[in-house]
Amino acid sequence: MKKQIALVLTLVALVMIACNDSDPVPAARPSLTNMPSIVTEIRSVYPSAGAPGTAVVIFGENFGPTPADNYVTFDSEPAEITHVGYGFLNIIVPQHITEGEYTIKVTAEGRVANAPDRFRVTRSIY
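Small disclaimer: the values here were computed from a predicted structure and weren't measured. (Residues numbered from 1 in each chain as written. Predicted model: local features only at pLDDT ≥ 70, side-chain atom pairs only at ≥ 80, totals over all residues. Heavy atoms only, no water.)

## Here's the deal with the pattern of salt bridges
Here comes step 1: Per the stated rule, a full pass over the model turns up four salt bridges.
Here comes step 2: Note that Glu-41 is salt-bridged to Arg-43, the shortest N-O span being 3.3 Å.
Here comes step 3: Given a relative accessible area of 32%, Glu-41 falls into the partly exposed group.
Here comes step 4: Overall, Arg-43 belongs to the partly exposed group, its relative accessible area being 48%.
Here comes step 5: Here Glu-101 and Arg-118 are joined by a salt bridge, their closest N and O atoms 3.9 Å apart. Taken together, the residues Glu-101 in strand 7 (residues 100-102) and Arg-118 in the loop between strand 9 (111-114) and strand 10 (119-121) connect sequence positions 17 residues apart.
Here comes step 6: Linked by salt bridges that have partners in common, Glu-41, Arg-43 and Glu-61 make up one network. (Salt bridge = Lys/Arg side-chain N within 4 Å of Asp/Glu carboxyl O. Buried < 20%, exposed > 50% of the residue type's maximum accessible area, 1.4 Å probe, protein only. Helix = DSSP H or I, 4+ residues; strand = E, 2+ residues; numbered from the N terminus.)

Listed below in structure tokens is the structure:
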């Protein structure tokens, strides 16, 4: 009987210690507002120069999943998007763009990214 009483008293003492109000409050779980934001990024463009009508690949991340979810421009000239894959966009240099250097910009689902280097449009060889 003494052993049972000692066991009960030990359990009561452990429960009282575990329920101590002075223990720190456990850390809050992260909320959706603390989630990192998604950033569209252009890592590189290949080739770095070409004539109007040239096929170009834009490598990066967080592009939209379909051509309709992306908008690509050479400064303000829109480019045709021919294919979207994981981490890349295939585009065509605008047909009526003049020679010069242009910043390629991708707008994907409201997020905007500029290419790290300017693209050089050369005269057409045709």
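Having seen the model, we can carry on.
## Considering the sheet that holds strand 2 (residues 49-50)
Here comes step 1: Pairing is mixed across the open sheet formed by three strands, whose spatial order is 2-10-7. Looking at which strands have only one partner, the edges of the open sheet turn out to be strand 2 and strand 7.
Here comes step 2: Bridge analysis of strand 2 against strand 10 gives two bridges, and the strand direction is parallel. Across the sheet, residue Ala-49 finds its bridge partner in strand 10, namely Arg-120. (Pairing = 2+ DSSP bridges.)

## As for the sheet that holds strand 5 (residues 77-85)
Here comes step 1: Read from one edge to the other, the open sheet built from seven strands follows the order 1-3-6-5-4-8-9, with strand pairing classed as antiparallel. Each of the sheet's edge strands pairs with one partner strand only, and the pair in question is strand 1 (41-46) and strand 9. Pairwise comparison of adjacent strand axes, ignoring direction, gives a mean angle of 30 degrees for this sheet.
Here comes step 2: Looking at chain direction, strand 5 and strand 6 (residues 88-92) are connected through five bridges and run antiparallel. (Axes fitted to C-alpha atoms, helices over the stretch in contact; angles between N-to-C directions.)

## As for the environment of Ala-108
Here comes step 1: Looking at where Ala-108 falls in the secondary structure, it is placed in strand 8 (residues 104-108).
Here comes step 2: In this structure Ala-108 comes out as buried when scored by relative accessible area, which is 0%.
Here comes step 3: Those residues in contact with Ala-108 that sit more than four places away from it in its chain are Thr-40, Asn-62, Phe-63, Gly-64, Asp-69 and Asn-70. (Contact = heavy atoms within 4.5 Å.)

## Quick notes on the environment of Gly-64
Here comes step 1: Here Gly-64 shows up in the loop between strand 3 (55-61) and strand 4 (70-74).
Here comes step 2: The exposure class assigned to Gly-64 is buried, which follows from its relative accessible area of 1%.
Here comes step 3: Here Gly-64 is in contact with Asp-69, Asn-70, Val-84, Ala-108 and Glu-109, once residues within four sequence places are set aside.

## So, the pairing of strand 5
Note on strand geometry: in a regular strand, side chains alternate between the two faces of the sheet.
Here comes step 1: Here three bridges tie strand 4 to strand 5, and the two strands are oriented antiparallel to one another. The residue bridging Val-72 from the neighbouring strand is Ala-79, located in strand 5.
Here comes step 2: Where strand 4 hands over to strand 5, the hairpin turn is made up of two residues, of which Asp-75 adopts a positive phi near 55 degrees.
Here comes step 3: Turn length for the strand 5-strand 6 hairpin, with the two strands adjacent in sequence and antiparallel, is two residues, and the turn residue Gly-87 shows positive phi of about 90 degrees.

Geometry only, nothing functional implied.
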